[in-house]
Each structure stands twice: as structure tokens, then as C-alpha cells.
Amino acid sequence: QVQFVESGGGLVQAGGSLRLSCAASGTTFSLTTIQWYRQAPGKQRDLVASISGGSGGTYYAGSVKGRFTISRDNAKNTVYLQMNSLKAEDTAVYYCNTPPRVGVVRSWGQGTQVTVSS
């Protein structure tokens, strides 16, 4: 089963930047699509960005497009999320995982807390 360890979160002022890291194990990493999600208190977990295996094609939620950049280093089995121009509404716990599949229950890491002060 794929396992993930997220890191890089912290407290930052609005307008600042952070880079999150997602280290993965238990999969053929270079061929695996990896996604970043976030969950704010009292809200559901939402997809933020995605990067495909192979071609490296990317997807961004509308709320982060133009501010966040997802990338991957297959040699390090790591996916990154560069977050610029952070806003208070970006405050959440950020998680990475593979895309959902029917009949498969995904295991989640501990996530990394991002707090943006306004």
C-alpha cells in the first residue's frame, strides 16, 4: 500500500510563500498520479492540485490556479507544492495521496498544517 509523509507546513503571513513536500513509498512512483488535498476546520477535504505519472500533466483547483505549482522529483519519490501569494483562506491541513478508486479505501498520512495570518 502506498504511504505518504507530508512536510513543510508552518505559519506565514498573507502574501508569503511555503513549499510543501510529499514523500511517497510503496508504489512505482514515476508512474503514479499524486494529488494534494487540503482540509480546513469543519470542512470537507478538497482537491488542490494533481500531477500525473509519466507525462507529468497538472491540474489545479480554481482557487489556487496561478498561485500554486505542483511538481515532482521521481528520483526522490517526492512531490512538491509551491504555494505563493498565500491567503488566509489557504489555512488548512494539507495531505497528499493517489486519486480515488472505486472499491479502494485510501490511507492518509498525518498531513502538514498551513496557517496563513491576515
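Going by the structure above, here's the rest.
This section reports on the structure supplied with the text. (Residues numbered from 1 in each chain as written. Predicted model: local features only at pLDDT ≥ 70, side-chain atom pairs only at ≥ 80, totals over all residues. Heavy atoms only, no water.)

1. Digging into the sheet that holds strand β9 (residues 92-97)
Taken in spatial order, the six strands of this open sheet run β2-β10-β9-β4-β5-β6, and their pairing is mixed. Edge positions in the sheet fall to β2 (10-13) and β6 (58-60), since each of these pairs with one other strand and no more. Across the sheet, the mean angle separating the axes of adjacent strands is 25° when strand polarity is ignored. Examined bridge by bridge, strand β5 (residues 46-51) and β6 share three bridges and lie antiparallel to one another. Bridging from a neighbouring strand, Ser 50 pairs with Tyr 59 of β6. (Pairing = 2+ DSSP bridges. Helix = DSSP H or I, 4+ residues; strand = E, 2+ residues; numbered from the N terminus. Axes fitted to C-alpha atoms, helices over the stretch in contact; angles between N-to-C directions.)

2. Here's the deal with unusual backbone geometry
For residues other than glycine, phi is negative in most cases, and the peptide bonds are mostly trans. Located in the positive-phi region is Asn 77, a residue other than glycine, with phi close to 50°. Inspection of the secondary structure assignment puts Asn 77 in the loop between β7 (68-73) and β8 (78-83). By relative accessible area, which is 26% here, Asn 77 ends up partly exposed. Even without glycine at this site, Ser 85 takes up a positive phi of about 50°. Note that Ser 85 resides in the loop between β8 and β9. (Buried < 20%, exposed > 50% of the residue type's maximum accessible area, 1.4 Å probe, protein only.)

3. Considering the packing of aromatic side chains
Under the definition given, this model contains two aromatic pairs. Look at Tyr 37 and Trp 108: their rings are 5.2 Å apart centre to centre, the planes differ by 85°, and that puts the pair in the edge-to-face class. Remark: Trp 108 occurs in the loop between β9 and β10 (112-117) and Tyr 37 occurs in strand β4 (residues 34-39); sequence separation between them is 71 residues. For the pair Tyr 95 and Trp 108, a centre-to-centre distance of 5.8 Å together with 80° between the ring planes defines the contact as edge-to-face. With a gap of 13 residues between them, Tyr 95 in strand β9 and Trp 108 in the loop between β9 and β10 connect regions that are remote in the sequence. Residue classification places Tyr 95 among the buried positions, given a relative accessible area of 11%. Among the residues examined, Trp 108 registers a relative accessible area of 27% and is labelled partly exposed. An aromatic cluster of three or more residues is present, and its members are Tyr 37, Tyr 95 and Trp 108. Positioned over the ring face of Tyr 80 is Arg 19, at 4.1 Å from the centre of the ring. The cationic tip of Arg 45 hangs over the ring face of Trp 108; the distance from NZ or CZ to the ring centre is 4.0 Å. (Phe/Tyr/Trp six-rings, centres within 6.5 Å; stacked < 30°, edge-to-face > 60°. Lys NZ or Arg CZ within 6 Å of the ring centre and 35° of its normal.)

4. Considerations on the pattern of salt bridges
Under the definition given, this model contains two salt bridges. For Asp 90, the salt bridge goes to Arg 67, with nearest N and O atoms at 2.7 Å. Here Arg 67 lies in the loop between β6 and β7 and Asp 90 lies in the loop between β8 and β9, a separation of 23 residues in the sequence. When its relative accessible area of 1% is taken as the criterion, Asp 90 is described as buried. Several salt bridges converge on common partners, so that one network encompasses Arg 38, Arg 67 and Asp 90. (Salt bridge = Lys/Arg side-chain N within 4 Å of Asp/Glu carboxyl O.)

Keep in mind that these numbers describe shape and distance, not what the molecule does.
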